[in-house]
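Spelled out from the first residue to the last, the chains are:
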Amino acid sequence: GERKRKRKVDESGSGPKSGRMLTDKKLDYFVKQPGTSPIRHTGAKSPSPAQAPAYPMFPPSPQQSAMLGPGANSDYHSTLMQPPKIPTAMQSKQVQTELTCQRIQEFENQATSDLEIRNNKIDELNRTAEELRHQLAAQAKAMEQHKAHTNKCIDVVKKLLKEKSNIEKKEARQRCMQNRLRLGQFVTQRVGATFQENWTDGYAFQELSRRQEEISTEREEIDRQKKLLTKRRPSNSETGRKRAGSSSGSNSVGGGGGLGGGSGSGVAVLHNGTDTFLKPEPVPTMSAQEYYEADEILKLRQSALKKEDADLQLEMEKLERERNLHIRELKRIHNEDQSRFNNHPVLNDRYLLLMLLGKGGFSEVHKAFDLKEQRYVACKVHQLNKDWKEDKKANYIKHALREYNIHKALDHPRVVKLYDVFEIDANSFCTVLEYCDGHDLDFYLKQHKTIAEREARSIVMQVVSALKYLNEIKPPVIHYDLKPGNILLTEGNVCGEIKITDFGLSKVMDEENYNPDHGMDLTSQGAGTYWYLPPECFVVGKNPPKISSKVDVWSVGVIFYQCLYGKKPFGHNQSQATILEENTILKATDVQFANKPTVSNEAKSFIRSCLAYRKEDRIDVISLSRHEYLQPPIPKHGRAANNQQQQQQQQQLHQQQQQQQFTAGMFAGMNASSSS
């Protein structure tokens, strides 16, 4: 026992360094023993009896040694010699605590500061969100106010437009009532068992007719007087001059006798062969001067009557134009009164209908106001017949939607724009078009018969511009129903802009149906307006005829001819049925031009190129748009410059040819010399 104690003392006292290291390790161990919580910073508690350490802190006292037994002391010393045995779980805890202990505080501080920053940020975001909510509420309120204000404005606009429309309707009806007396009206007359409406001219026409009758009577009187005067014409001009040169007294007597039928030398002549009554007759002989005076008076009266008759004719033409407008207005008012949309309804919560513009077979066109876009539009209401079968209705709607799909894609200043389409009810729907204030070209031609060449050329230029656009879009479109009725004059006269409309019969030249070499099948043969369709549309055979955009080129030629000459080139006074029966268009091989009115040769050439019988010989749309007749005139200096340029080009070409000939001659000479 003493040897062991001595060795222990030696070991313990072997150096201060090793002893300090050991005590440090022991202290560390006891300090870092887990207490109640692994994150305590107040130091380890003294172990309670229940949690006694695995080995004693100090050597046991003699009493403890006695109690423990003789081997206890040696066990104690043996435990001091060996490192303490720590369970595996303890080891892991010890390592974990050693890694995080110093940084836990930092982490906690960091977490606390992060939490504070986050809370501050949340508060700030909440405040911002609250502010935005307030702003949103304010904006929503402002929007509601604006909406209410806009609705008020729209209501006022609606009210004002309705009032204006009602005033216009009243004025139109008042004008009609006045014009009924002045221009005429339809009078219902009984014909057998039925009633028929016949037109009766008004007092303006009756006055003009009376005045024309008076003029014709006066003309007849002048002709009679002229005949009488020729009987009194002096036979010999010299004797007449001698008589004129005789004394004034005798001349005056002779003149008096001539005028008043006086007595004297003329009694025998004046006697008519009866005893009871003498009829004064004019003296057959008159002096040349007297005859000249009387003849001059008659001629002047005749020319005055001619001028007055021409004025009356112009007045009559003007009245006829007014009468045409009046008849059109009477029909419009009658149709408007019959229409179910005559009480200013708002269609599709957007379009306020104002007045009827016209009526067709299955549709009505109303002038309307777009409350959303704040503009005037034309609403075309398609009314299906209630008695139609469902498949017929479906076919009509399909056709109308097809037209809409073609038309809505078009955007050109010479094409009427299509804005919208919507359903009204089971039997009607509406297409919304650009509004044009004016008549169509057909009505203008009915009113004025012809158009001067310059104005007609302007119309054709604009139509060709629209056709060029229809040909350049992908896929291209054939209008197929180009006619004066589908050309709108936006200002009501021929000096302004035009727009083409009605794409109901249009053909889309897509890749499926159209072949650039042959064209496309005409699927709707029989449709269209026959006076304006080319011969290929009337060819009847096993397969449908092939058509291309040259159909529209033919139509342009017919329209231009009609504008210039006041009549259609083919089948002018024929009905559509007669044109089909007599094959009028199929025989239209050559176009004939009248002598009057005078038309330039360039215009005639343009019309001929449009009305070429074979479509292969007919000019196409793109070439038509480049036709010299439609090009702007070249100014004189420009023309001179062009001529100069052409001359220079010709000279250069000539020089090149000479040079080539010269070099060829040289080479030929060289070859000849070398061969010799």
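Residues numbered from 1 in each chain as written. Predicted model: local features only at pLDDT ≥ 70, side-chain atom pairs only at ≥ 80, totals over all residues. Heavy atoms only, no water.

Novice: Talk me through the overall build of the protein chain; I want residue IDs and the actual numbers.
Specialist: Looking only at helices and strands, the protein chain features 18 helices and 14 strands. By the burial criterion, 30% of the 676 residues in the protein chain qualify as buried. For the protein chain, the accessible surface area stands at approximately 45200 Å², while carbon and sulfur atoms represent 53% of it. (Helix = DSSP H or I, 4+ residues; strand = E, 2+ residues; numbered from the N terminus. Buried < 20%, exposed > 50% of the residue type's maximum accessible area, 1.4 Å probe, protein only. Areas by Shrake-Rupley, 256 points an atom, 1.4 Å probe, with all protein chains shown as cover.)

Novice: Lay out the UniProt feature "binding site: ATP" (unreviewed entry) in the protein chain in plain terms, naming residues and giving numbers.
Specialist: In this structure's numbering, the residues bearing the UniProt feature "binding site: ATP" (unreviewed entry) are Lys380. With respect to the secondary-structure elements, Lys380 resides in strand S6 (residues 375-383). If near-sequence neighbours (up to four positions away) are discounted, Lys380 is found in contact with Ser363, Glu364, Val365, Phe429, Cys430, Thr431 and Leu433. (UniProt positions renumbered as here; feature names shortened; annotations may be inferred. Contact = heavy atoms within 4.5 Å.)

Novice: Explain the packing of helix H13 (residues 453-472) against helix H14 (residues 550-565) to me, and be specific about the residues and the numbers.
Specialist: Two measures define how a pair of helices packs: the angle their axes make with one another and the distance between the axes. Following both chains from N to C, one finds H13 and H14 inclined at 165 degrees, their axes separated by 10 Å at the closest point. If you check the angle between H13 and H14, you find them roughly antiparallel. In the crossing of H13 with H14, the sense of the turn from one axis to the other is right-handed. Where H13 approaches H14, its residues Glu453, Ala456, Arg457, Val460, Val463, Val464 and Leu467 are matched on the opposing element by Asp552, Val556, Phe560, Cys563 and Leu564. Looking at the contact of H13 with H14 residue by residue, the class counts come to nine nonpolar, no polar and three charged. (Axes fitted to C-alpha atoms, helices over the stretch in contact; angles between N-to-C directions. Parallel < 35°, antiparallel > 145°, perpendicular 65-115°, else oblique. Left-handed = near helix turned anticlockwise from the far one by under 90°. Nonpolar A, V, L, I, M, F, W, Y, C, P; charged D, E, K, R; others polar.)

Novice: Quick rundown of the packing of aromatic side chains? Include the residues and the values.
Specialist: According to the stated counting rule, one finds 16 aromatic pairs in the structure shown. Centroid distance Tyr351 to Phe422: 5.6 Å. Interplanar angle 5 degrees. Geometry classified as stacked. Note that Tyr351 is positioned in strand S4 (residues 351-359) and Phe422 in strand S7 (residues 418-425), a separation of 71 residues in sequence. Neither residue differs from the other here; Tyr351 and Phe422 are each classed as buried. Here Trp554 and Phe570 contribute two aromatic rings whose centre-to-centre distance is 5.7 Å and whose plane-to-plane angle is 25 degrees, an arrangement assigned as stacked. One end of the pair, Trp554, is in helix H14; the other, Phe570, is in the loop between H14 and helix H15 (576-581), with 16 residues separating them in the sequence. Aromatic ring contacts, followed pair by pair, group Phe362, Trp388, Tyr396 and Phe429 into a single cluster. When the ring centre of Tyr480 is taken as origin, the NZ or CZ atom of Lys507, which lies over that ring, is 4.7 Å away. (Phe/Tyr/Trp six-rings, centres within 6.5 Å; stacked < 30°, edge-to-face > 60°. Lys NZ or Arg CZ within 6 Å of the ring centre and 35° of its normal.)

Novice: Break down the nonpolar core for me, citing the residues and quoting the values.
Specialist: The biggest cluster of nonpolar side chains holds 66 residues, and the ones touching the most others in it are Leu441, Ile451, Tyr480, Ile500, Val556, Phe560 and Phe606. Breaking this core down by element, the ones donating at least two residues are helix H12 (441-448), H13, strand S9 (477-478), strand S10 (487-489), strand S11 (498-500), H14, helix H16 (601-610) and helix H17 (621-625). Here this core gets 11 residues from one element, more than from any other, and that element is H14. Setting aside residues up to four positions removed in sequence, Ile500 forms contacts with Arg414, Val415, Val416, Ala466, Leu470, His479, Leu482, Asn486 and Ile487. One finds Ile215, Leu229, Tyr291 and Leu312 within the second-largest nonpolar core, a separate group that totals 14 residues. (Core = buried A, V, L, I, M, F, W, Y, C linked by side-chain atoms within 4.5 Å.)

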